[in-house]
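Chains, contacts and geometry: an overview
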Amino acid sequence: MKIALIAHDRKKDSLVEFAIAYKEILSEHELFATGTTGQRIHDEVGLNLTRFRSGPLGGDQQIGSMIANNDMDMVIFFRDPLTAQPHEPDVTALVRLCDVYHIPLATNMGTAEILLKGLQEGFVDWRLIQERRK
């Protein structure tokens, strides 16, 4: 499956810790990430991934494009609800696309853990059915 990993600045440490904890599961999938988040996950966790631009410079929109083209299966986006984001319209658009295209989306560690454990147990297999990917 194709999984996007995104984190606001104050949540990057948490996403790196999460990736370390779930490295075994994540390593079995094709990973994508926005700029600095992707670099940190690569450097600190050792996972291979495709890096896009940073979120404010279009990375959120690049991932959104993959979603709209039915080329992304899951999004893990550790959002910072306590800090105003200058690119909030991009964030809102990304969340909306996940809803429109039925893409599992985790915006915090608790939900991300459930999604990855569900993925490991085969509960997200419906995304693999080719008829649903059209």
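Residues numbered from 1 in each chain as written. Predicted model: local features only at pLDDT ≥ 70, side-chain atom pairs only at ≥ 80, totals over all residues. Heavy atoms only, no water.

Brief notes about the overall build of the protein chain
Rules: Runs of E in the DSSP output that reach at least two residues are strands. Runs of H or I that reach at least four are helices, and both are numbered from the N terminus. Three exposure classes are used, based on accessible area relative to the maximum for each residue type with a 1.4 Å probe and protein chains only: buried under 20%, partly exposed in between, and exposed over 50%. Note on contacts: a residue pair is in contact if any heavy atoms of the two residues lie within 4.5 Å.
Looking only at helices and strands, the protein chain has 6 helices and 5 strands in total. Starting at the N terminus and walking to the C terminus, you meet the elements of the protein chain as β-α-α-β-α-β-α-β-α-β-α. When its C-alpha atoms are laid out on the principal axes, the protein chain stretches across 40 × 30 × 25 Å. Burial statistics for the protein chain: of 134 residues in total, 48% are counted as buried. If you take every contact in the protein chain between residues at least 6 apart in sequence, the share linking residues at least 24 apart comes to 71%.

Re the packing of helix H1 (residues 12–21) against helix H3 (residues 35–45)
Cut-off, in case you're wondering: A fitted line through C-alpha atoms represents every axis, and for helices the fit uses only the stretch in contact; the resulting angles, taken between N-to-C directions, go from 0 to 180 degrees. Roughly parallel covers angles under 35 degrees, roughly antiparallel covers those over 145, roughly perpendicular covers 65 to 115, and oblique covers all other angles. Each helix crossing is assigned a hand: it is left-handed if the near helix lies turned anticlockwise from the far helix by less than a right angle, otherwise right-handed if that turn is clockwise.
The geometry of H1 relative to H3 is characterised by a closest axis approach of 10 Å and an angle of 40 degrees between their N-to-C directions. In terms of axis orientation, H1 runs oblique to H3. Crossing handedness for the pair H1 and H3: right-handed. Contact residues: H1 offers Lys12, Asp13, Leu15, Val16, Ala19 and Ile20, while H3 offers Thr36, Thr37, Arg40, Ile41, Glu44 and Val45.

Details of the confidence of the model for the protein chain
Convention followed: One confidence number per residue, pLDDT, is output by the predictor and ranges from 0 to 100.
Within the protein chain, residue pLDDT values average 90, and 92% of them lie at 70 or more. Across the protein chain, the secondary-structure element scoring lowest on mean pLDDT is helix H5 (residues 88–100), at 88, and the one scoring highest is strand S2 (residues 30–33), at 98.

Quick notes on the environment of Ala112
Examined against the element boundaries, Ala112 turns out to sit in helix H6 (residues 109–121). On the basis of relative accessibility, which here comes to 0%, the residue Ala112 falls in the buried class. Remark: the alpha-carbon pair of Ala112 and Thr83, spanning 29 residues in sequence, is separated by 20 Å.

Structural notes on the pairing of S2
For clarity, the threshold we go by: Any two strands with at least two DSSP bridges between them are considered paired. For a crossover, the right-handed case is the one in which the path from the first strand over the helix to the second runs clockwise, viewed with the strands pointing away from the viewer.
Pairing of strand S1 (residues 2–7) with S2, which is carried by 4 bridges, proceeds in the parallel orientation. Looking at S2, one finds that Lys2 is bridged to Glu30. A crossover links S2 with its parallel partner strand S3 (residues 50–51), the connecting element being H3, and its sense is right-handed.

Describing the packing of aromatic side chains
Aromatic rings considered in pairs are described by the distance between their centres and by the relative angle of their planes. Applicable threshold: We call Phe, Tyr and Trp rings a pair once their centres come within 6.5 Å, taking the six-membered ring for Trp, and we label the pair stacked below 30 degrees between planes, edge-to-face above 60, and tilted otherwise.
Enumeration according to the criterion identifies 3 aromatic pairs in this entry. Between Phe18 and Tyr22 the ring centres are 4.8 Å apart and the planes differ by 40 degrees, which places this aromatic pair in the tilted class. Judged on exposure class, the residue Phe18 and its partner Tyr22 are both buried. Connected via pairs of aromatic rings, a cluster forms that spans Phe18, Tyr22 and Phe78.

A word on the side chain of His8
What counts here: Pairing of N or O atoms within 3.5 Å defines a polar contact, subject to two protein rules: one partner must be a possible hydrogen donor and the other a possible acceptor, and residues neighboring in sequence count only if both atoms are side-chain atoms.
If you trace the backbone, His8 turns up in the loop between S1 and H1. From its side chain, His8 meets the backbone nitrogen of Asp80 in a polar contact 2.9 Å long.

Some remarks on H1
The α-helix advances 3.6 residues per turn, and as a result positions three or four apart in sequence lie on the same side. Definition in use: To obtain the arc, one takes the directions from the helix axis to the C-beta atoms.
Turning to H1, its buried residues are Lys12, Leu15, Val16, Phe18 and Ala19. Angularly, the buried residues of H1 cover 160 degrees about the axis, an arc narrow enough to put them on a single face. Residues of H1 that are exposed and angled more than 90 degrees away from the buried face: Glu17 and Ala21. In this structure, the buried residues of H1 make contact with S1, helix H2 (23–26), H3, strand S4 (74–78) and H6.

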